[in-house]
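Here is what each chain is made of, one letter per residue.
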Amino acid sequence: MTKAVFLDRDGILNEALVRNGKPFSPMSIAEVVIPRDVPDALAVLRRNGFRLIMVTNQPNIARGVQSRESVYAINRHLQDRLNLDAMEVCEHDNADNCDCRKPKPGMLLRAAIRDDIALAESFMVGDRWADIEAGRRAGCRTILIGNGYGEKSRSPPDATFTSLGEAANWIVASTKNGNKVMKTVDQLTVQIFADGADKAGMLEMYRKPFVKGFTTNPTLMRKAGVSDYEAFAKDIISVIPDRSISFEVFADDFTEMERQARRIAPWGKHVSVKIPITNTKGESSIPLVRKLSQDGIALNVTAMFTLKQVQDVVDAVKGGAPCFVSVFAGRVADTGFDPVPLMAEAVKMLKASPNTALIWASPRELLNVFQADDIGCHVITVTNDIIKKLSLVGKDMDEYSLETVKMFYEDGKAAGYTL
Ligand SMILES: [Mg+2]
C-alpha cells in the first residue's frame, strides 16, 4: 500500500480568486497563479513517498458557467507544471446528489481503491471546511491552509497553516516521528506575545492570529526612535485595541512610579502597567505593586530572576487585579543556569493566585516556546526574529540539512573562491 496527500485545487495548488471574501476558480489558464512555495512543497512530499492526488469540486461544469474543456485545460496545466500523480474531479452540483462532491469523501475513496492507498497514513489539504470534512470522512488526517474564509467550520482540522510549504514540513515530520503528530503553533497552550516597540513590526505581528498580546519597554522604545511616550502608546493602542499590551513606568522613585502607573492604566481596556521588581537602588517595588493591584490596576511585574521575587509578587497581588509575573528566563540561561526547572517551579507558585500569569521573558531561541508550553507557562514574549522561525516548526531534518549544504555551496561559489 502507498500513502497519499490529497490536495484541493483552488486555494491550494493555485491561488483562489477572492472576491468579497469568497474564493472563486480561475476561468482560464491565464488566471492560474501557482503560489511560489507550492512546487518545492510538493517535491518534499514526493521525496518522502507520498502520492500527490488533486481532488477538486468543479460545480461550474454542472452549472453551465464554465466548459468542461476549460476546466480540464486548467487541470492538465496544473498536472504538467506540478507533476501530480492523479486527479479526481467532481463535475456535479448539490442537486446532483453525487457521492463525490466534497464534503463527501467519494473522490478520496475512489483514488484509494484504484491506487491502493492507506487512508489512515494519508492527508487531505484544503482551504475550506468541505475539504476538511471530506478528508475526515475518508479517514485521513486533515490540514487547513488559511482561515477558511470565515466559513463556519463543521469539522476542525488536525492542523492549520498559512502555506503548503509549512504543511508539507509538518506532514513529513509527523510521519517520520513514528506517526506522532507534532504540536503546531495553534495547538500550543502557551500564549505568544510579541516584544517590540516598532509600529510597523507590531502591526505585522498583529496580523498573525497566534500573537495574543504585546509587550514594550523603554529600551525598545528608545531603540525604535520613540520620543513622545504617551503619543506613541495611544497611537499603538488605537491600532491594536483588542489584545493585551504592556507599557512600563520609567521613574525611579515610587511616588512618581505610582503617578505614571495611574496615568498609563486608563489608556486602554487591555493595558497592563509594567513595574520593575525594584528601583535602581535595589529597593523592592512590592509595596507599590500591592497598592496598585489592590486598587484594580492590571500589572506586569518585570525584570524578575528569582523564585523569592515570584513568591513576593504572588502574595502581594492575591485578590487584586490581573497581574503578569515576568521572569527573564533567557537572561537566566545566559548565566549558564537552566531556566526550565525555575520556570516550572514558578508555574506552581502562581497557582496560589489565579489572577496571575507567568511570562517567560527574553527567550533566546524558538525551542523556548515549546519548553514554556511543556511546563504550563502561560505566556512567552517573543521578538519578531524568533516568531519568524515558527515557519520552521516540524521541518524535516534531511531537507534542512540539504538546504544548509546548498547554502554553503552557493556562498562559496558566489564568493568566487579558488584553491
Ligand atoms: Mg479550495
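Everything numeric in this text was worked out from a predicted model, so none of it was measured.

## Quick word on the overall build of the protein chain
Okay, step 1: Of regular secondary structure, the protein chain possesses 17 helices and 16 strands.
Okay, step 2: Overall, the C-alpha framework of the protein chain stretches about 75 × 65 × 40 Å when taken along its three principal axes.
Okay, step 3: A buried classification covers 39% of the 419 residues belonging to the protein chain.
Okay, step 4: Considering only intrachain contacts with a sequence separation of at least 6, the fraction spanning at least 24 residues in the protein chain is 63%.

## Section: the domain arrangement of the protein chain
Okay, step 1: Each assigned domain of the protein chain is listed here: domain 1 (3–184) and domain 2 (187–392).
Okay, step 2: Centre-to-centre, using C-alpha coordinates, domain 1 lies 41 Å away from domain 2.

## Observations regarding helix H15 (residues 367–374)
Okay, step 1: Residues of H15 that are buried: Asn368, Val369, Gln371 and Ala372. Projected down its long axis, H15 shows its buried positions confined to an angular sector of 165°, all on one face.
Okay, step 2: Where H15 is buried, its residues contact strand E9 (191–195), helix H14 (339–350), strand E15 (356–360) and strand E16 (379–382).
Okay, step 3: Positive backbone phi, at 85°, marks Gly376, one or two positions downstream of H15.

## Focus on the sheet that holds strand E13 (residues 299–304)
Strand pairing within a sheet occurs via backbone hydrogen bonds; the two strands may be parallel or antiparallel.
Okay, step 1: Ordered by their spatial adjacency, 8 strands build a closed barrel running E9-E10-E11-E12-E13-E14-E15-E16, and the pairing between neighbours is parallel. Neighbouring strand axes in the sheet, compared pairwise and without regard to direction, differ in orientation by 30° on average.
Okay, step 2: Bridge count between strand E11 (residues 244–248) and strand E12 (residues 271–276): 4 bridges; the pairing is parallel. Counterpart to Ile245 in the pairing with E12 is Val271.
Okay, step 3: Docked against the sheet, H14 engages strand E14 (323–327) and E15, running at close to 170° with respect to E15.

## Notes on the sheet that holds strand E4 (residues 50–57)
Okay, step 1: Strand order in the open sheet formed by 6 strands is E5-E4-E1-E6-E7-E8, with parallel pairing between adjacent strands. Sheet topology places strand E5 (86–90) and strand E8 (159–161) at the edges, where each strand pairs with a single neighbour. Each neighbouring strand pair of the sheet contributes to a mean axis angle of 20°, computed without reference to strand direction.
Okay, step 2: The pairing of strand E7 (residues 141–145) with E8 spans 3 bridges and is classified as parallel. Within the sheet, the bridge partner assigned to Ile143 lies in E8 and is Ala159.
Okay, step 3: Lying over the sheet, helix H1 (residues 38–47) contacts strand E1 (3–7) and E4, oriented at roughly 130° with respect to E4.

## Things to note about the environment of Ala321
Okay, step 1: Mapped onto the elements of the fold, Ala321 is located in the loop between helix H12 (307–317) and E14.
Okay, step 2: Along the chain, Ala321 and Ala233 lie 88 residues apart, while their C-alpha atoms are 21 Å from each other.

## Some thoughts on the packing of H12 against H14
Okay, step 1: As a packed pair, H12 and H14 sit with axes 10 Å apart at the nearest point and diverge in direction by 15°. As summarised for this structure, H12 and H14 are arranged roughly parallel, according to the angle between their axes. In this structure, H12 meets H14 at a crossing whose hand is right-handed. Contacts from Leu307, Val310, Gln311 and Val314 in H12 reach Leu342, Glu345, Ala346, Met349 and Leu350 in H14.
Okay, step 2: Residues of the contact of H12 with H14, tallied by class, amount to 7 nonpolar, 1 polar and 1 charged.

## A closer look at the environment of Ser155
Okay, step 1: Locating Ser155 in the fold gives a position in the loop between E7 and E8.
Okay, step 2: For Ser155 and Asp398, which are 243 residues apart along the polypeptide, the C-alpha to C-alpha distance reads 33 Å.
Okay, step 3: Once you skip the residues sitting within four places of it in the chain, Ser155 turns out to touch Trp129, Ile132, Glu133 and Arg136.

## Notes on the packing of H1 against helix H6 (residues 164–176)
Okay, step 1: With their axes 8 Å apart at the nearest point, H1 and H6 run at an angle of 10° to one another. Put simply, H1 runs roughly parallel to H6. Residue-level inspection shows Val38, Asp40, Ala41, Val44 and Leu45 of H1 in contact with H6, the latter providing Leu164, Gly165, Ala168, Ile171 and Val172.
Okay, step 2: Partitioned by chemical class, the residues of the contact of H1 with H6 number 8 nonpolar, 1 polar and 1 charged.

## Some points on unusual backbone geometry
Okay, step 1: For the bond from Lys102 to Pro103, the omega torsion is 20°, close enough to zero to count as cis.
Okay, step 2: On the secondary structure map, Pro103 appears in the loop between E5 and helix H4 (106–115).
Okay, step 3: Even without a glycine there, the phi angle at Asn83 is positive, about 55°.
Okay, step 4: Within the secondary structure, Asn83 sits in the loop between helix H3 (68–82) and E5.
Okay, step 5: Even without a glycine there, the phi angle at Asn97 is positive, about 50°.
Okay, step 6: Inspection of the secondary structure assignment puts Asn97 in the loop between E5 and H4.

What counts, and at which threshold
- Residues numbered from 1 in each chain as written.
- Predicted model: local features only at pLDDT ≥ 70, side-chain atom pairs only at ≥ 80, totals over all residues.
- Helix = DSSP H or I, 4+ residues; strand = E, 2+ residues; numbered from the N terminus.
- Buried ≥ 20, exposed ≤ 12 C-beta atoms within 10 Å, placed from the backbone.
- Contact = placed C-beta atoms within 7 Å.
- Domains from an automatic or database assignment.
- Arc of directions from axis to C-beta.
- Pairing = 2+ DSSP bridges.
- Axes fitted to C-alpha atoms, helices over the stretch in contact; angles between N-to-C directions.
- Parallel < 35°, antiparallel > 145°, perpendicular 65-115°, else oblique.
- Left-handed = near helix turned anticlockwise from the far one by under 90°.
- Nonpolar A, V, L, I, M, F, W, Y, C, P; charged D, E, K, R; others polar.

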